[in-house]
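One letter stands for each residue in the lines below.
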Amino acid sequence: MTGLRPARLDAVVALGAHCDDLAIGAGGTLLTLCAGRPGLRVDALVLSGGGTGREDEERAALAAFCPRADLAVTVLKLPDGRLPAHWDEAKNALEDLRARTAPDLILAPWQGDAHQDHRGLAELVPTVWRGCLALGYEIVKWDGDLGRPSVYQPLDPETAEAKVRLLQEHYPSQRHRPWYDRETFLGLARVRGVECGARYAEAFHTNKIVIDLASGG
Ligand SMILES: [Zn+2]
């Protein structure tokens, strides 16, 4: 299948409700993006975990997932599981980010995610950004909310392995979770790979893609 390439990809906004969401949902894509684009601007905003050990984990992890990028990380202190009650704070944070960035791509949760914080953040994205490709990543969980994604980023086996290794290395606070293991992350990546004719992949949902089929001039 022909892959669509954006005409320009110099800046990425990466959004997560919690520390580790971005790495789980789009870690392989971040590695892939940054591998071929030294100096890529990545503005990451995480809504919760600020001022705790989880912020330290997140900063180290994102530095590893975005090698050689021009990376800026903001971790806020919204309480976990309470995004609907902190809607204005979250929206203001996104609007602040919009004012100081010009992304060519936004990575965020998707609107079908069963976790209210993920879903709330996903629903805020199109209210803040228009005219920018926004891809909603998936996070496997107890709720069983995996959907039918339509956008795939194939991952070469080295990148898929690197993602799993970095997830294990950088988030010791999550290792006790029974689902937080190599099989979970590699298993979903393998399934998404099957769906797009690759060994491994990360998959995304999108509300809208505008294409340009005019011949290049
Ligand atoms: Zn989360």
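Residues numbered from 1 in each chain as written. Predicted model: local features only at pLDDT ≥ 70, side-chain atom pairs only at ≥ 80, totals over all residues. Heavy atoms only, no water.

- The protein is annotated in an unreviewed UniProt entry as N-acetylglucosaminyl deacetylase, LmbE family from Nonomuraea wenchangensis.

### Thoughts on the layout of surface pockets
Here comes step 1: Approximately 350 Å³ is the volume found for the second largest pocket.
Here comes step 2: Contributing to the lining of the second largest pocket are 17 residues, with His18, His115, His118, Arg177 and Trp179 lying nearest its centre.
Here comes step 3: When the residues that make up the lining of the second largest pocket are grouped by side-chain class, the tally is 6 nonpolar, 4 polar and 7 charged. (1 Å grid on protein atoms, 1.4 Å probe; cavity = no way out; pocket = protein on both sides within 12 Å on 5 of 7 lines; lining within 4 Å. Points joined across faces, edges and corners; volume = space filled by probe spheres on them. Nonpolar A, V, L, I, M, F, W, Y, C, P; charged D, E, K, R; others polar.)

### Remarks on helix 6 (residues 182-196)
The α-helix advances 3.6 residues per turn, and as a result positions three or four apart in sequence lie on the same side.
Here comes step 1: The terminal C-alpha atoms of helix 6, which comprises 15 residues, lie 21 Å apart, in line with the 21 Å expected from a rise of 1.5 Å per residue.
Here comes step 2: Of all the positions in helix 6, only Phe185, Leu186, Leu188, Ala189, Arg192 and Gly193 are classed as buried. Seen from one end, helix 6 has its buried residues packed into an arc of 160 degrees, which puts them on one side. Away from its buried face by more than 90 degrees, helix 6 exposes Glu183 and Val194.
Here comes step 3: Summarising the contacts, the buried residues of helix 6 are in contact with helix 1 (21-35), strand 6 (151-155), helix 5 (157-170) and strand 7 (200-205).
Here comes step 4: Where helix 6 begins, the capping side chain belongs to aspartate 181, and its oxygen is found 3.2 Å from the backbone nitrogen of glutamate 183.
Here comes step 5: Positioned one or two residues after helix 6, glycine 197 has a phi angle of 75 degrees, which is positive. (Helix = DSSP H or I, 4+ residues; strand = E, 2+ residues; numbered from the N terminus. Expected span 1.5 Å × (residues − 1). Buried < 20%, exposed > 50% of the residue type's maximum accessible area, 1.4 Å probe, protein only. Arc of directions from axis to C-beta. Contact = heavy atoms within 4.5 Å. Polar contact = N/O pair within 3.5 Å; in protein donor to acceptor, adjacent residues only side chain to side chain.)

### Brief notes about the sheet that holds strand 7
Here comes step 1: Across the sheet, which stays open at both edges, the 7 strands sit in the order 3-2-1-4-5-7-6 with mixed pairing between neighbours. Bordering the open sheet on either side are strand 3 (70-75) and strand 6, each of which pairs with just one other strand. Each strand axis lies, on average, 25 degrees off the axis of its neighbour in the sheet, ignoring direction.
Here comes step 2: Across the sheet, helix 6 lies against strand 6 and strand 7, angled at about 80 degrees from strand 7, the strand it touches most. (Pairing = 2+ DSSP bridges. Axes fitted to C-alpha atoms, helices over the stretch in contact; angles between N-to-C directions.)

### Section: the pairing of strand 2 (residues 41-46)
Walk down a regular strand and you will see the side chains alternate between the two sheet faces.
Here comes step 1: For strand 2, the tally of buried residues reaches 5 of 6 residues, placing the bulk of the element in the interior.
Here comes step 2: Relative to strand 2, strand 1 (residues 11-16) is paired through 6 bridges, and the arrangement is parallel. Directly across from valine 13, in strand 2, lies its bridge partner aspartate 43.
Here comes step 3: Between the parallel elements strand 1 and strand 2, the chain passes through helix 1 in a crossover that is right-handed.
Here comes step 4: One ladder, built from 6 bridges, connects strand 2 with strand 3; its direction is parallel. (Right-handed = clockwise from strand over helix to strand, strands pointing away.)

### Considerations on the packing of helix 5 against helix 6
Here comes step 1: Interaxial distance between helix 5 and helix 6 falls to 10 Å at its minimum, and their mutual angle equals 150 degrees. Classified by the angle their axes make, helix 5 and helix 6 are roughly antiparallel. In this structure, helix 5 crosses over helix 6, and the sense of that crossing is right-handed. Across from Ala160, Glu161, Val164, Leu167 and Gln168 in helix 5, the residues of helix 6 making contact are Arg182, Phe185 and Leu186.
Here comes step 2: When grouped by side-chain class, the residues that make up the contact of helix 5 with helix 6 number 5 nonpolar, 1 polar and 2 charged. (Parallel < 35°, antiparallel > 145°, perpendicular 65-115°, else oblique. Left-handed = near helix turned anticlockwise from the far one by under 90°.)

### Examining the pattern of salt bridges
Here comes step 1: Under the criterion given, the structure shown has 12 salt bridges.
Here comes step 2: A salt bridge links arginine 8 to aspartate 104, with the nearest nitrogen and oxygen atoms 2.7 Å apart. Of this pair, arginine 8 sits in the segment before strand 1 while aspartate 104 sits in the loop between helix 3 (87-100) and strand 4 (105-109), and the two are 96 residues apart along the sequence.
Here comes step 3: Salt bridges sharing partners connect three or more residues here, namely Arg41, Asp43 and Asp70. (Salt bridge = Lys/Arg side-chain N within 4 Å of Asp/Glu carboxyl O.)

### Side note on the nonpolar core
Here comes step 1: Formed by 41 residues in total, the largest nonpolar core has its most connected members in Val12, Leu33, Leu107 and Leu167.
Here comes step 2: Leaving out residues up to four positions away in the same chain, leucine 167 has contacts with Ala23, Ile24, Phe65, Tyr180 and Phe185.
Here comes step 3: Residues Leu45, Leu78, Leu121 and Val128 belong to the second largest nonpolar core, which totals 19 residues. (Core = buried A, V, L, I, M, F, W, Y, C linked by side-chain atoms within 4.5 Å.)

### A look at the coordination of the zinc ion
Here comes step 1: Bound to the zinc ion on the protein side are His18 (ND1), Asp21 (OD), Asp21 (OD) and His118 (NE2), at distances that span 2.1 to 2.5 Å.
Here comes step 2: One way to put it: the 4 donor atoms around the zinc ion meet at angles of 55 to 122 degrees, and that makes the site irregular. (Donors = N, O, S within 2.8 Å, 3.2 Å for Na, K, Ca; no water. Tetrahedral: all angles 85-135°; square planar, octahedral: opposite > 155°, others 65-115°.)

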